[in-house]
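Next come the chains, spelled out residue by residue.
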Amino acid sequence: MTEVFSKNDLNKLAKEETPFFAFSKEQILKNYHEFGKFFPNVEVFYAMKANSEVPILEILDEAGSGFEVASAYELDILEELDVEPDRIIYGSAIKPAEDIKEFYEYGVRTFAFDCLQELEKIASNAPGSNVFVRIKVNDTGSVFQFSEKFGTNVGNVVSLLERAKELGLNPYGISFHVGSQASNPMAWAHSIKLLQEPLEQLKEVGINIEILNLGGGYPCQYASSESILTLEEIAKNTMEAYNLLPYQPRLIVEPGRYIVADAGILVSTVIARVERDMGEWLFIDAGVYNALYESMAYQGSTRYRMTSLRPSYDSGEKAFSIAGPTGDSADIVTREALLPSDINTGDKLVVHSVGAYSLVVSSPFNGFPKPKVIMFDNI
Ligand SMILES: Cc1ncc(COP(=O)(O)O)c(C=O)c1O
């Protein structure tokens, strides 16, 4: 088990070599347990693509979470931790055949699909397994949208699940993903409403699905978030729609971002303060390539809250552009960080709510390594 530091060790933050991530065990568990609190009887399968650091997986494993897994490489990490196969679902709708086989050999029996070819691939490589069909839903308002790439039209649900049965698979359920970092509190409820008719039709052909998989998308409150959307509000709307279905399959969720995003901070050091034509810039020792991928301007362009680790010496605040250490033009974290105006080389910055889709997408571009990770009981 990984060492978890206590709150009293917080001065470690100031002394550690940067850049590094610090995670709060308490916050991860709080986020995890909120699903059970707001969605009665839900089963959580943490989407480990959001953050697959072993200490985080260990915390969730111990808490009883399941895992939504996206590749045989992610599965290898869970195998090392001895996670039981019945707590794993292979949630990517499109998968390499060899990966399906590897999951099956490990004992995993639950697979997503969204087209006939994929169903046939599962039938050959994971015979008799449970399959759930992913439908395409309206993901307007979500920062990262999947409906172009994944999901079948809802009108195909009945024929695909019937075909699954013919192929010897168990027509286990239906899933959707409203897009990551959603902003519409009704997105899940509207998706569920699409299922009214297919559930009736499935009943008529003798198929009663066992699970309804609500996917991920539950948002984090970033500095760039325009509205505050709580899990409680999402759950209330979602449960109302769910209770109106002809019958109530067991509920599954696959949250990634919500579990880890606000449980992690990044501590980074200012390596230069420079004047450019359009204002002043701080270059820091971590950027979009090794820690802050989602802040890249042409991606979701998440703006993270940033603070200085040392207090301001009464010098007031000033807006800075923040750049990462690489030579690339895309390595710009933000153009509007409000920080103490006397901040300078050697000062440390804290970037907040960076626990999701950061470490997992870090690349060694320009040779900068992935930042290290420190676990705290709380931060
Ligand atoms: C199949 C699947 N499930 C769950 C997730 C997690 O989504 P989020 O991090 O928005 O909760 C993703 C994200 O890409 C996904 O593709």
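Residues numbered from 1 in each chain as written. Predicted model: local features only at pLDDT ≥ 70, side-chain atom pairs only at ≥ 80, totals over all residues.

(A) Representation of the domain arrangement of the protein chain. If you check the domain split of the protein chain, you get domain 1 (25-259) and domain 2 (261-376). Summarising the inter-unit geometry, the C-alpha centres of domain 1 and domain 2 are found 33 Å apart. Across the boundary between the two partners, domain 1 contributes 20 residues, which contact 17 residues of domain 2. Every element with two or more residues in the side of domain 1 that touches domain 2 is listed here: helix H2 (25-38) and helix H11 (257-260). Here the residues of the side of domain 1 that touches domain 2 sort into 9 nonpolar, 7 polar and 4 charged. (Domains from an automatic or database assignment. Contact = placed C-beta atoms within 7 Å. Helix = DSSP H or I, 4+ residues; strand = E, 2+ residues; numbered from the N terminus. Nonpolar A, V, L, I, M, F, W, Y, C, P; charged D, E, K, R; others polar.)

(B) Fine view of the site of the ligand. Looking at the ligand, there are 16 residues lining it, with Ala47, Ser180, Gly216, Gly256 and Arg257 nearest. When its residues are assigned to classes, the shell around the ligand shows 5 nonpolar, 7 polar and 4 charged. (Near = placed C-beta within 6 Å.)

(C) Focus on the nonpolar core. Within the largest apolar cluster, 107 residues are counted, with the highest numbers of intra-cluster contacts made by Ile28, Ile122 and Val131. With 5 residues, helix H7 (residues 157-166) is the single largest residue contributor to this core. When residues of this core are assigned to domains, at least three fall in each of domain 1 (25-259) and domain 2 (261-376). With near-sequence residues (within four places) excluded, Ile122 lies in contact with Ile100, Phe111, Phe113, Ser129, Val131 and Leu169. (Core = buried A, V, L, I, M, F, W, Y, C linked by C-beta atoms within 7 Å. Buried ≥ 20, exposed ≤ 12 C-beta atoms within 10 Å, placed from the backbone.)

(D) Expanded view of the environment of Ile28. Looking at the secondary structure, you find Ile28 in helix H2. For the pair Ile28 and Gly264, spaced 236 residues apart in sequence, the C-alpha separation works out to 8.9 Å.

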